[in-house]
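# Topology and contacts: notes
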Amino acid sequence: MDIFLLSSYIRHNSFLFASVAVLFFVCSISLNAQNQEPVKLNTVILDPGHGGKDAGAVGRISKEKEIVLDIALRVRDYLKQHLPELNVVMTRDKDVFVPLNERAVIANENDADLFVSIHANSMSTSRIYGAETFVLGLHRSEDNLEVAKKENSVIVLEDDYKAKYEGFDPNSTESYIIFELMQNVYLDQSIGFASAVQKQFRERVGRHDRGVKQAGFLVLRETSMPGVLVEVGFLSNRNEERYMNSEDGKVYLASAIFRAIRDYKEHFDKINSKLVTRSTFPGINSNTDNEQASNSSSAVQYRIQIASSQKQLEANQGVFKQFDSVWEYQEGDYYKYTTGLATSHEEILEKLPKVKQVVPDCFVVGFKDGKRIIP
Ligand SMILES: [Zn+2]
């Protein structure tokens, strides 16, 4: 197993992650078109992987389904204690089998703002250890594909899985080609949150950081919100299994995930409330930064981002057909697609509701001198 391959995604994309760290705070501008009320991050789904007849990865002394449930329950309790206004929904809170698509239904029906799936990994070698967080996309290495295959293969325990998942064969590499063509509008937010999780693991918990990666996870594909799949550690590594089963290990891992959610919510809410203030008072000098803001805004171009893709997309394909113009820009390894053009923030916010009808999670981006800036 090549350790360099395993960490290739994050290592080779440091530019992307630096820029995403900025965009992270933009999040999706979930403005209510009628009353301009700010929409806060209200609902988080905690999804402990596996359960019941599906044990997940099995170590020497423990099973993945037990470890991840324990950690998820602790995350829930920390959130309830410290962020009582946040609605926390568990896809399971006991040892039961929950099909992957039902986990997604729970998330979608609760209109959640963030989906956090918690897993533990296992490999044929005991050498590999550390924590990694995945977002939905096409795998960049065979190892990432293997993780997705392993996590997706639980669907074979479900009745009618072939019909339910439209013939998707979790063990066939060919099945994963669909993730290459997929447009993931939540990619930026998901990577932002995934980076926050890994930062906590690295800096607060001292875990070996295996980075933010991409792979085709069915459970993330079926949820319509920013989402990640966290692999907290490897059951195939004896030390790590012991750590994940220790009281200290569980407390640290759970508090890292809790802190990442708290930070994500804090920035999400802050940015949304700022944007609402601006749109509610167009042109009014309501703060001391205003002169500077009005000087610079003359050169800012605003657009509405509707898709991100690792593959270049055609301007006349899929959802793009519904817009008069689609404008592409590149950032790191990603092609990003926007529509609409305005020279003021107020003007672009007027265009936003119409675009939201087609792409609910579209968001405003601003460019200055050809570079994207926070609007
Ligand atoms: Zn798992």
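Here we summarise the structure given alongside this text. (Residues numbered from 1 in each chain as written. Predicted model: local features only at pLDDT ≥ 70, side-chain atom pairs only at ≥ 80, totals over all residues. Heavy atoms only, no water.)

## Details of the overall build of the protein
Helix and strand counts for the protein come out as 14 helices and 11 strands. A burial count over the protein gives 56% of its 375 residues as buried. In the form shown here, the protein has an accessible surface area of approximately 16,600 Å², with 48% of it arising from carbon and sulfur atoms. (Helix = DSSP H or I, 4+ residues; strand = E, 2+ residues; numbered from the N terminus. Buried < 20%, exposed > 50% of the residue type's maximum accessible area, 1.4 Å probe, protein only. Areas by Shrake-Rupley, 256 points an atom, 1.4 Å probe, with all protein chains shown as cover.)

## Quick notes on the sheet that holds strand S4 (residues 131-136)
The six strands are arranged S2-S1-S3-S6-S4-S5 in an open sheet whose pairing can be described as mixed. Edge positions in the open sheet fall to strand S2 (87-90) and strand S5 (209-215), since each of these has one partner strand only. Going from strand to strand, the sheet's axes swing by 20° on average, the running direction of each strand aside. (Pairing = 2+ DSSP bridges. Axes fitted to C-alpha atoms, helices over the stretch in contact; angles between N-to-C directions.)

## What to know about the packing of aromatic side chains
How two aromatic rings sit relative to each other is set out by the distance from centre to centre and by the angle between their planes. Tallying each qualifying case throughout the model produces nine aromatic pairs. With a centroid separation of 5.4 Å and an interplanar angle of 75°, the aromatic rings of Phe193 and Tyr264 are classed as edge-to-face. Taken as a pair, Phe193 in helix H9 (residues 187-203) and Tyr264 in helix H12 (residues 247-280) lie far apart in primary sequence, 71 residues in all. We classify Phe193 as buried; its relative accessible area is 0%. Taken together, a centroid distance of 4.9 Å and an interplanar angle of 85° make the contact between Tyr329 and Phe367 edge-to-face. In this pair, Tyr329 is assigned in strand S8 (residues 327-331) and Phe367 in strand S10 (residues 363-368), connecting sequence segments 38 residues apart. One exposure class covers both Tyr329 and Phe367, and it is buried. (Phe/Tyr/Trp six-rings, centres within 6.5 Å; stacked < 30°, edge-to-face > 60°.)

## A closer look at the coordination of the zinc ion
Listed as protein donors to the zinc ion are His50 (NE2), Glu64 (OE), His119 (ND1), Glu151 (OE) and Glu151 (OE); their distances from the metal cover 2.0 to 2.5 Å. On the primary sequence, the residues serving as donors to the zinc ion are separated as H-x13-E-x54-H-x31-E. Of this pair, Glu64 sits in helix H4 (residues 64-82) while His119 sits in strand S3 (residues 114-121), and the two are 55 residues apart along the sequence. (Donors = N, O, S within 2.8 Å, 3.2 Å for Na, K, Ca; no water.)

## Points about the side chain of Asn121
Counting through the fold element by element, Asn121 comes out in strand S3. A polar side-chain atom of Asn121 sits 3.1 Å from a polar atom in the side chain of Glu132. Contact partners of Asn121, with chain neighbours within four places excluded, come to Ala57, Glu132, Val147, Lys150, Glu231, Gly233, Phe234, Leu235 and Ser236. (Polar contact = N/O pair within 3.5 Å; in protein donor to acceptor, adjacent residues only side chain to side chain. Contact = heavy atoms within 4.5 Å.)

## Regarding the pattern of salt bridges
According to the stated counting rule, one finds 19 salt bridges in the structure shown. Between Lys250 and Asp70 there is a salt bridge; the shortest N-O distance is 3.3 Å. Remark: Asp70 occurs in helix H4 and Lys250 occurs in helix H12; sequence separation between them is 180 residues. Taking the relative accessible area as the measure of exposure, Asp70 reaches 22% and is therefore partly exposed. With its nearest N and O atoms 3.6 Å apart, the salt bridge here joins Arg202 to Glu203. On the basis of relative accessible area, Glu203 is assigned to the exposed category, the value being 51%. Salt bridges sharing common partners tie together Asp70, Arg74, Glu247 and Lys250. (Salt bridge = Lys/Arg side-chain N within 4 Å of Asp/Glu carboxyl O.)

## Observations regarding empty space enclosed by the protein
Per the stated rule, a full pass over the model turns up one cavity of 30 Å³ or more. Of the voids in this model, the largest cavity is the one considered here, and its volume is about 40 Å³. Leu100, His119, Glu151, Asn152, Phe217, Val219 and Leu229 are the residues that line the largest cavity. When its residues are assigned to classes, the lining of the largest cavity shows four nonpolar, two polar and one charged. (1 Å grid on protein atoms, 1.4 Å probe; cavity = no way out; pocket = protein on both sides within 12 Å on 5 of 7 lines; lining within 4 Å. Points joined across faces, edges and corners; volume = space filled by probe spheres on them. Nonpolar A, V, L, I, M, F, W, Y, C, P; charged D, E, K, R; others polar.)

## Some details on the nonpolar core
When a protein is soluble and globular, its nonpolar side chains tend to lie buried together. Core analysis: the biggest nonpolar cluster contains 45 residues, and Val116, Val232 and Ile261 have the highest contact counts within it. Secondary-structure elements contributing two or more residues to this core are strand S1 (43-48), H4, S2, S3, S4, H9, strand S6 (227-234) and H12. By residue number, the principal contributor to this core is H12, which donates nine residues. Ile261 has contacts with Val44, Leu46, Val75, Leu79, Leu86, Leu114, Val116 and Phe193, leaving out every residue within four places of it along the chain. Formed by 26 residues, the second largest nonpolar core is a distinct cluster that contains Ile45, Ala112, Ile155 and Val219. (Core = buried A, V, L, I, M, F, W, Y, C linked by side-chain atoms within 4.5 Å.)

## Digging into helix H11 (residues 238-245)
For H11, the set of buried residues is Glu240, Glu241 and Met244. Looking down the long axis of H11, one finds its buried residues gathered within 100° of arc, a one-sided arrangement. Here H11 starts with a cap whose side-chain oxygen sits 3.1 Å from the backbone nitrogen of Asn239, and that cap is Asn237. (Arc of directions from axis to C-beta.)

## Examining helix H14 (residues 345-358)
Between its first and last C-alpha, H14 extends 20 Å over 14 residues, near the 20 Å set by a 1.5 Å rise per residue. His345, Ile348, Leu349, Leu352, Val355 and Lys356 are the residues of H14 that are buried. (Expected span 1.5 Å × (residues − 1).)

## Topic: unusual backbone geometry
Phi at His50 takes a positive value of approximately 65°, unusual for a residue other than glycine. Note on placement: His50 falls in the loop between S1 and H4. With a relative accessible area of 5%, His50 lands in the buried category. Although it is not a glycine, Glu166 adopts a positive phi angle of roughly 50°.

## Focus on the sheet that holds S10
Two pairing modes exist for strands in a sheet, parallel and antiparallel, and in both the strands are linked by backbone hydrogen bonds. Here we have five strands laid out as an open sheet, ordered S8-S9-S7-S10-S11, and antiparallel in their pairing. Of all the strands in the sheet, the pair left with one neighbour each is S8 and strand S11 (371-373). The mean inter-strand angle of the sheet, taken between neighbouring strand axes irrespective of direction, is 45°. Relative to S11, S10 runs antiparallel, the two being bridged by three bridges. If you follow Lys368 over to S11, its bridge partner there is Lys371.

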